[in-house]
Amino acid sequence: MYKRVLLKLSGEQFAGKNSFGIDIDFVSELAKEIKVVVEKTKVELIVVVGGGNFLRGATLAQNDKKMIERATADYMGMLATVLNGMSLVDVLEHHGQSARLQTRIHINSVAEPYIRRRALRHLEKGRVVVIGGGTGNPYVTTDTAAVSAALELDCELVLKATKVDAVYSKDPKKDPSAEIIKKLSYIEALNNTEIKVLDNAAVSLAMDHKLPIRVFDLLTKGNIQKIVSGDDVGTLIS
């Protein structure tokens, strides 16, 4: 059983059944599941959130007219992650799970600035720590921000939430011959162009520090608790 883990949520997951914005029903179900996991396993949980349900910096900067610079677009994306973080913290607390939002960009009216020792103290008190703002720097994805935060906060595992049950050799939606892969080395994840679960910078950082990553289906209820309890769910990258 793991003592401290980091859960990486994409912005698209916050949209739930919608194509944009926040699906409050989805966030509510997720919050209830997180509360159960923390209560039953006593795991210390950090959540890093993306912002793709509102805006993707790289996509915005690649428009034909190129009027918005990439750095500006990335900062806009960081602000989008804060919106998701605010919603998750409020819903967690609504369901009785204490939580705190910290961000890598300073928005003192709505969130604490990210401070490592303060985050560790929250974890010790049983609070879920939600981190927004990516790394606080442009040209860096929230996947890399998640791995960086996991290393900084001494996590034993990164849980990469997806909409599929594991990593496949090819896209199972496009190719029925795709085979499930239960275990991957970091090098295989980097070299296989068919596998696009995390960006290469995130995988490389995890590899340098031997931090395992487990890719799993967030939509299957109970998966988070199974993983925290040591079950072999999804795909392990190590």
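Structure: above.
As the structure is a prediction and not an experimental result, all values here were calculated from the model.

Draft legend 1. How the structure looks around the overall build of the protein chain. The helix and strand tally for the protein chain stands at nine helices and 11 strands. On C-alpha atoms alone, the protein chain measures out to a radius of gyration of 17 Å, which is about the 18 Å that the 2.2 N^0.38 rule sets for 238 residues. Projected onto the principal axes, the alpha-carbon positions of the protein chain cover approximately 50 × 50 × 35 Å. Classification of the 238 residues of the protein chain by burial places 50% in the buried group. Intrachain contacts of the protein chain at a sequence separation of at least 6 include 71% that bridge at least 24 residues. Carbon and sulfur atoms make up 51% of the accessible area of the protein chain, which totals about 11,700 Å². Counting 32 positive and 29 negative side-chain charges, the protein chain places the centres of these two groups 4 Å from one another.

Draft legend 2. Representation of the packing of helix α6 (residues 142-152) against helix α8 (residues 200-208) within the structure. Taken N-terminus to C-terminus, the directions of α6 and α8 make an angle of 20 degrees; their axes are 7 Å apart at the nearest point. In this view, α6 runs roughly parallel relative to α8, as classed from their interaxial angle. The hand of the α6/α8 crossing is left-handed. On α8, the residues touching D143, T144, V147, S148 and L151 of α6 are A201, A202, L205 and A206.

Rules and cut-offs
Residues numbered from 1 in each chain as written. Predicted model: local features only at pLDDT ≥ 70, side-chain atom pairs only at ≥ 80, totals over all residues. Heavy atoms only, no water. Helix = DSSP H or I, 4+ residues; strand = E, 2+ residues; numbered from the N terminus. Rg over C-alpha atoms; globule rule 2.2 N^0.38 Å. Buried < 20%, exposed > 50% of the residue type's maximum accessible area, 1.4 Å probe, protein only. Contact = heavy atoms within 4.5 Å. Areas by Shrake-Rupley, 256 points an atom, 1.4 Å probe, with all protein chains shown as cover. Lys, Arg positive; Asp, Glu negative; His and termini not counted. Charge placed at Lys NZ, Arg CZ, Asp CG, Glu CD. Axes fitted to C-alpha atoms, helices over the stretch in contact; angles between N-to-C directions. Parallel < 35°, antiparallel > 145°, perpendicular 65-115°, else oblique. Left-handed = near helix turned anticlockwise from the far one by under 90°.

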